[in-house]
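# Coordinate analysis (summary)
Here's the letter readout for the chains.
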Amino acid sequence: MPRPLIATIHLDAMQQNLARARAGARGAKVWAVVKANAYGHGLERAMRGFAEADGLALVEVDYAVRLRELGWTKPILLLEGFFDASDLLVMAQYGLNGSVHCEEQIAMLAAARLPHAIDVHLKMNTGMNRLGFTPQAVAAAYARLRAMPHIGIITLMTHFANADEAGPTRLPLAQQMLRFEAGAASIGTRLPRSLCNSAGLLLHQLDSDWVRPGIMLYGGTPSGAPGGTSAQAFGLLPSMTLRSSIIGIQDIAAGEVVGYGSRYAAAGNIKVGVVACGYADGYPRQAPEGTPMLVDGVRTGLIGRVSMDMLMVDLTHVPGARVGSSVTLWGQGMPIDEVALAAGTIGYELMCALAPRVPVFDAPQ
């Protein structure tokens, strides 16, 4: 019998979350972001879950090719663009869109001899200071691209650093938008725009031609900050449920300790369940005592330090628990954002960190 740890992917939830994104997109087309193997869900499932998207966006050139081989015929956008001149031939061959964010990429494009025109997203750095041309430099970059016969549609894009922040920040979204508008005006012609990530789409009313939702499509919220709006409140459903089972039970007395480092000491007589899941499966090792989970549908919490293959849970107030009892680590009934917040991380990381050894299955439709 295989180890009882299983990740279940809910395609119907992915479809509903995409519909929620489209409803908030104010008429914009939707790039469904599927980078990092669709946030751990798998490209093949992403194609089915997001079949109604206007395009798929990711960063891996080889994964983009794989999407074409799997039969995706709608647009595909490389969010970080191309990394080498050889990628340009692949983009032309497979009809891939690419971000252009630096002078080196423009130089590669200028030297390229492509059999087909490619569409590009010209990225403007409005203050996040990762990738992109400054608002002062974007018009010159646009002029160089527009002069190239093998460049088709040029879309102007930027990325928001703090769209998920409700309070004051060092870089407010409004300031980024002012910079974006100044850069866009300097070009002298109106270009299609690609602006909103999940936070921008859920929390702000911005006019755009394309939106780029990611985490919301998988049933997570853009921010793990305390007091933030829950995924359920946004009308989002969990797309991944990680479940395991109790594989052992220990009854320990007050003062006894649990796990590596003897970090947890029982204040009274307790019942400890051992769960077949650990940090080698993608569960966060830094998760503290009390990190929530469900045992047979009853909410309880982690105790002791997470091991490579196991973790321990308090069964004292789950009287019916036994070896074989179901444990929900996150997903349906146990919001991934809540688990991530307790562990000092975000739901994105938990999804993406799911280990290859964890079997992944589709939920029954």
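Residues numbered from 1 in each chain as written. Predicted model: local features only at pLDDT ≥ 70, side-chain atom pairs only at ≥ 80, totals over all residues. Heavy atoms only, no water.

### Quick word on the pairing of strand S1 (residues 6–9)
Note the threshold: By the convention used here, strands pair only if DSSP detects at least 2 bridges between them. The helix count covers DSSP runs of H or I at least four residues long, the strand count covers runs of E at least two residues long, and both are numbered beginning at the N terminus.
Across four bridges, the pairing between S1 and strand S10 (residues 240–252) is antiparallel. Within S10, the position partnered with Thr8 by the bridge is Thr241. Sheet topology note: the S1/strand S18 (residues 360–362) ladder contains three bridges and is parallel. Bridging from a neighbouring strand, Ala7 pairs with Val360 of S18.

### Focus: the pattern of salt bridges
Test applied: Salt bridges are identified by distance alone: a Lys or Arg side-chain nitrogen within 4 Å of an Asp or Glu carboxyl oxygen. Each residue's exposure class comes from its accessible area (1.4 Å probe, protein chains only) as a fraction of the maximum for that residue type: buried when under 20%, exposed when over 50%, partly exposed otherwise.
Inspection of the entire model under this criterion finds 15 salt bridges. Residues Arg3 and Asp281 are paired through a salt bridge, measuring 2.8 Å at the closest nitrogen-oxygen approach. With a gap of 278 residues between them, Arg3 in the segment before S1 and Asp281 in the loop between strand S13 (270–275) and strand S14 (292–295) connect regions that are remote in the sequence. The exposure class of Arg3 is partly exposed, given its relative accessible area of 34%. By relative accessible area, which is 0% here, Asp281 ends up buried. With a closest N to O distance of 2.7 Å, Arg357 and Asp309 form a salt bridge. Residue Arg357 is located in the loop between helix H11 (347–352) and S18, and its partner Asp309 is located in the loop between strand S15 (298–303) and strand S16 (311–314); the two are separated by 48 residues in the primary sequence. Judged by relative accessible area, Arg357 falls into the partly exposed class, the value being 41%. In this structure, a network of salt bridges that share partners links the residues Arg3, Asp281, Asp309 and Arg357.

### Let's talk about the pairing of S15
Consecutive side chains along a regular strand alternate between the two faces of the sheet. Inspection of the sheet shows S14 paired to S15 by four bridges, in the antiparallel sense. By the bridge assignment, Pro292 is partnered in S15 with Gly301. Taking the residues that link successive antiparallel strands as the turn, the S14-S15 hairpin has two residues, and the phi of Asp296 there is positive, at about 50°. The pairing of S15 with S16 spans two bridges and is classified as antiparallel. Looking at the pairing, Leu302 lines up with Val313 of S16.

### A look at the packing of helix H6 (residues 103–111) against helix H7 (residues 138–146)
This is how the line gets drawn: For every element, the axis is a line fit to its C-alpha atoms; helices are fit only across the contacting stretch, and the angle between N-to-C directions ranges from 0 to 180 degrees. Any angle that is under 35 degrees is reported as roughly parallel, and any over 145 degrees as roughly antiparallel; angles of 65 to 115 degrees are reported as roughly perpendicular and all others as oblique. The hand of a helix crossing depends on one turn: near helix anticlockwise from the far one by less than a right angle means left-handed, and clockwise means right-handed. Residues are treated as being in contact if the distance between any of their heavy atoms lies within 4.5 Å.
Where H6 meets H7, the closest approach of the two axes is 10 Å, and the angle between their N-to-C directions is 15°. Classed by the angle they form, the pair H6 and H7 counts as roughly parallel. Seen along the crossing, H6 lies across H7 with a hand that is left-handed. Seen from H6, the contacting residues are Glu103, Ile106, Ala107 and Leu109; seen from H7, they are Ala141, Arg144 and Leu145.

### Observations regarding helix H1 (residues 11–23)
Because each turn of an α-helix spans 3.6 residues, side chains separated by three or four positions end up pointing in the same direction. Counted only if it meets this: Each helix should span, by expectation, one fewer than its residue count multiplied by 1.5 Å. Comment: arc refers to directions from the helix axis out to C-beta atoms.
Look at H1: 18 Å from first C-alpha to last across 13 residues, which is about the 18 Å you get at 1.5 Å a residue. Among all positions of H1, only Leu11, Ala13, Met14, Asn17, Leu18 and Ala21 are buried. The arc enclosing the buried residues of H1, seen along the axis, measures out at 155°, which places them on a common side. At its buried positions, H1 is contacted by S1, strand S2 (29–33), helix H3 (43–49), helix H9 (198–203) and S18.

### Let's talk about the nonpolar core
What counts, and what does not: Among the buried residues, those of types Ala, Val, Leu, Ile, Met, Phe, Trp, Tyr and Cys that are joined through side-chain atoms within 4.5 Å form a nonpolar core.
Core analysis: the largest hydrophobic core is formed by 110 residues, its most contacted members being Val34, Phe50, Tyr283 and Leu329. By residue number, the principal contributor to this core is helix H8 (residues 173–187), which donates five residues. Phe50 has contacts with Met14, Leu18, Ala32, Val34, Leu56, Trp72, Leu217 and Tyr218, leaving out every residue within four places of it along the chain. Tyr264, Ala266, Ile270 and Val272 belong to the second largest nonpolar core, which has nine residues in total.

### Considering the environment of Leu203
Tracing the chain through its elements places Leu203 in helix H9. Separated by 31 residues in the primary sequence, Leu203 and Phe234 place their C-alpha atoms 9.8 Å from one another. Leave out the neighbours within four places in its chain, and Leu203 touches Ala163, Asp164 and Phe234.

### Focus: the sheet that holds S2
With parallel pairing, eight strands are arranged side by side around a closed barrel as S2-S3-S4-S5-S6-S7-S8-S9. Two strands pair when backbone bridges link them, and S2 and strand S9 (residues 210–211) are joined in this way by two bridges, in the parallel orientation. Looking at S9, one finds that Lys29 is bridged to Trp210. H7 rests against strand S5 (96–100), strand S6 (118–123) and strand S7 (151–157) of the sheet, and its axis sits at about 165° to S7. Along the sheet, H8 makes contact with S7 and strand S8 (193–196), crossing S8 at roughly 180°.

### Quick look at the packing of aromatic side chains
To keep things clear, this is the line we draw: Centres within 6.5 Å are what make two rings of Phe, Tyr or Trp a pair, Trp counting through its six-membered ring; a difference in plane orientation under 30 degrees is then read as stacked, over 60 as edge-to-face, and the rest as tilted.
Evaluated as defined, the whole model comprises five aromatic pairs. With a centroid separation of 6.3 Å and 15° between ring planes, the pair formed by Tyr283 and Trp330 is classed as stacked. Here the residue Tyr283 occupies a position in the loop between S13 and S14, and Trp330 occupies one in strand S17 (residues 326–330), the gap between them amounting to 47 residues. When sorted by exposure, Tyr283 lands in the same class as Trp330, which is buried. Through successive ring pairs, a cluster of aromatic residues spans Tyr39, Phe50, Tyr218 and Tyr348.

### Observations regarding the environment of Asn269
Spelled out, the test is: Each polar contact in these results corresponds to two N or O atoms within 3.5 Å; when the atoms are within protein, one needs to be able to donate a hydrogen and the other to accept it, and residues that are neighboring in sequence are counted only if both atoms are side-chain atoms.
Tracing the chain through its elements places Asn269 in the loop between strand S12 (264–265) and S13. Within the structure, the side chain of Asn269 is placed 3.3 Å from the backbone nitrogen of Ala254, a separation counted as a polar contact.

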